[in-house]
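# Summary of structural features
Here's the letter readout for the chains.
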Amino acid sequence: MFASFTTRPNRWDWALLPLVLAVLIAVAYGAMQMARPFVLGQPMPVSLDPAALPYYLLRTILRMFAALGVSLVFAFVFAAVAAKYRLAEKVLVPLLDVLQSVPVLGFQAIAIAPFIALFPGSQMGVECAAIFAIFTSQAWNMAFSLYQSMRAVPAELHEASRMFRLSAWQRFWRLELPFAMPGLLWNMMMSMSGGWFFLVAAEAISVAGQDVKLPGIGAYIAVAIEAENGRAIAWAIGAMFVGIVMYDQLFFRPLLVWADKFRFEELDGEVGRRSWLLDWVRRSRIASRLTDKAWKLMRSTLGWFPARPVEAAAAAKGALRWRLPASAADTLLLVLAIWASYRVAAFIHTEVGWREAASVFALGLATLARVAVLIALASLFWVPVAVWIGLRPRYAQKIQAVAQFLAAFPVNLLFPVVVYSVLHLGLNPDIWLSPLMVFGTQWYILFNVVAGASTLSTDLRLAAANLGLKGWLKWRRVYLPAVFPSYITGAVTASGGSWNASIVAEYVTWGKTTLVAHGLGSYVKQMTDAGDFPRIALGIGVMCVFVMAINRFVWSRLYQEQA
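Residue indices follow the written sequence of each chain, beginning from 1 at its first position. Residue-level local features of this predicted model are given only where pLDDT is at least 70; pairs of side-chain atoms are given and counted only at 80 or more, and the full residue set underlies all totals for whole chains, interfaces and linings. Calculated side-chain values reflect all of the structure's heavy atoms, with hydrogen atoms and water omitted.

### Some thoughts on a nonpolar patch on the surface
Under the convention used in this document: Patch criteria: residues need more than 30% relative accessible area and no salt bridge. Like-charged residues are merged within 9 Å; nonpolar side chains of Val, Leu, Ile, Met, Phe, Trp and Tyr are merged within 5 Å. Only the protein chains shown count as cover for residues, and all accessible areas are computed by the Shrake-Rupley method using a 1.4 Å probe. Each salt bridge in this description consists of a side-chain nitrogen of Lys or Arg and a carboxyl oxygen of Asp or Glu lying within 4 Å of one another. In this text, helices come from DSSP runs of H or I with a minimum length of four residues, and strands from runs of E with a minimum of two, each type numbered from the N-terminal end.
Together, V23, V27, F241, V242, M246, L250 and W276 make up an exposed nonpolar region whose accessible area comes to about 570 Å². The set of elements that each furnish at least two residues to the nonpolar patch consists of α2 (11-34) and α11 (230-259). Residue position: M246 is located in helix α11.

### Remarks on the confidence of the model for the protein chain
The line we're drawing: pLDDT expresses how confident the predictor is about each individual residue, on a scale running from 0 to 100. Here, residues are in contact when the closest pair of their heavy atoms is within 4.5 Å.
The pLDDT averaged across the protein chain works out to 79; a share of 87% of its residues lies at or above 70. Across the protein chain, the secondary-structure element scoring lowest on mean pLDDT is helix α14 (residues 309-322), at 44, and the one scoring highest is helix α3 (residues 53-84), at 91. Note that pLDDT drops below 50 for residues 309-324; the model gives that stretch three contacts with residues more than four away or on any other chain.

### Let's talk about the side chain of S137
Put simply, the rule reads: Three exposure classes are used, based on accessible area relative to the maximum for each residue type with a 1.4 Å probe and protein chains only: buried under 20%, partly exposed in between, and exposed over 50%. Distance and chemistry together define a polar contact, namely a pair of N or O atoms within 3.5 Å, with one atom able to donate a hydrogen and the other to accept it when in protein, and with adjacent residues in sequence counting only for side-chain atoms on both sides.
Relative to the elements of secondary structure, S137 occurs in helix α6 (residues 124-151). Overall, the relative accessible area of 8% leaves S137 in the buried class. In terms of polar contacts, S137 uses its side chain to reach the backbone carbonyl oxygen of I134, at 2.7 Å. Every residue in contact with S137, bar those within four places of it in the chain, is listed here: V104, S191, G194, G195, F198 and Y444.

### A look at α2
Residues spaced three or four apart along an α-helix point in a common direction, a consequence of the helix completing one turn every 3.6 residues. The condition that has to hold: A helix's residues, less one, multiplied by 1.5 Å, set its expected span. In this analysis the local bend is the angle between axes fitted, respectively, to the seven residues ending at and the seven residues starting at the residue.
Over its 24 residues, α2 extends 36 Å from the first C-alpha to the last, a length consistent with the 34 Å expected when each residue adds 1.5 Å. In the structure, α2 departs most strongly from a straight axis at L17, where the bend amounts to approximately 25° and where the proline P18 lies between one and four residues downstream. By the burial criterion, the buried members of α2 are W12, D13, L16, G30, Q33 and M34.

### As for the packing of helix α8 (residues 168-197) against helix α21 (residues 442-454)
Stated formally: Throughout, an axis means a line fitted to C-alpha atoms (over the contacting stretch in the case of helices), and angles, computed between N-to-C directions, take values from 0 to 180 degrees. Convention used here: angles under 35 degrees read as roughly parallel, angles over 145 as roughly antiparallel, angles from 65 to 115 as roughly perpendicular, and any remaining angle as oblique. What makes a crossing left-handed is the near helix being turned counterclockwise from the far one by less than a right angle; a clockwise turn instead makes it right-handed. Side-chain classes are defined by residue name, with Ala, Val, Leu, Ile, Met, Phe, Trp, Tyr, Cys and Pro counting as nonpolar, Asp, Glu, Lys and Arg as charged, and the others, Gly among them, as polar.
Relative orientation of the contacting elements α8 and α21 amounts to 165°, with a least axis distance of 8 Å. Judged by the angle between their axes, α8 and α21 are roughly antiparallel. The handedness of the crossing between α8 and α21 is right-handed. Contact residues: P182, G183, W186, N187, M189, M190 and G194 in α8; W443, Y444, F447, N448, V450 and A451 in α21. Of the residues that constitute the contact of α8 with α21, the class distribution is nine nonpolar, four polar and no charged.

Rendered as structure tokens:
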């Protein structure tokens, strides 16, 4: 232990030192600012001076990484439980469909008051509400990805883990998580980008007449839109690009290079990814010692829940006695569904009326048509592109930051161009606002298919080459079946995200000009601004019904076909 602290630093240690100190100081300063005194109703001015952008960028990135950490824990728990327990899967997967379909504004309307009450007199309450809103735009994608990867672990690897008598805990850390790591990292990047996409809604909180703008890039964009300040919008785009490049180089790029060792197969002769920061860390003496100790500590956790064959068999027999029969579980779920349907019918009858409900359902059909057309077009374009990228790691790392920037680009920044085009060209908002819905969600398809293609078996690719498969036959027999589970995961999250994005895309504001497309998203947005909670609940409920129906009758059936 003493020797580890007397290790003499080399030149790479001195190169890393200022970088580490800068990150620690920035995190400490930002965290301290989050806990400043605050009283509800007290204005928090947001300046459009470009000099304030570095501070706003720091606050935004801290919120997004806090939300990412919580999302990662949620994904671990959800995937582990849903993938291993059949009854839990029947409840959790539909529940995740519901949560994914609830708009960010819906979560925010519910969560802001409890968080403010939890931290009275402190800005931390509003900060937690913003972090929670960002969490709801990140977590579902990561949870679906990890769950799908754990379900897709090859049977021969499971058999090997049983032969080595690994416990459930050891199997998770030794097999399931490493197998899922490439896909999980790509989805973490996509989740960060999803957080940027809904950043304005998370940082510029407006519910029931309360208008709170937290210092950050999202609030900066909201103020610039209100002021119709195109120059400020351009500065915000530049700040976003700088922030994305920074966390790509300092966080995601090293993780992706490190995760290459978890790839199931590696193509001989292929050039892998490189990270200058990871190279520095590997050459640093102190950093190497610290990472060795960290890995030793993590490896010790594998012995927390060791497998004991005799006790495990006895526990399994006991579990069989008390396990709820499948028929009883299904009956219980059916009773709960009937009770929930009754409560929903009573709510509609007493609070909003059946005529209003029918009108909102018709708006949902309009949004459904937009989502279906846009997801189909995005799939036709991005699946071939993603397969090409995933099979060539050296190209993937070159376009990674660009793809993250495009995925993170908040659709609000396009409002000036959209409003000008629609008004001056006399375009129909019901048609020409629609592409905004898929602008930020199409990247779920790209990132998931890239992750799936990057794990394509070397043996399968060589066999296809030896058999002379080319053109459409090769795509139909090799590439498409290989990436299909990843595509389904991406399409599910892209579809749900498009419903969520409809709130931003169907109700476009630039200064005093507002364009409205007929749809469920614009309805929820207008009711949220008005503070009409019964109609907010109605809109969100109808959106949940549509998303769950699509997932149950479309995506679930497609996933079962390939299983």
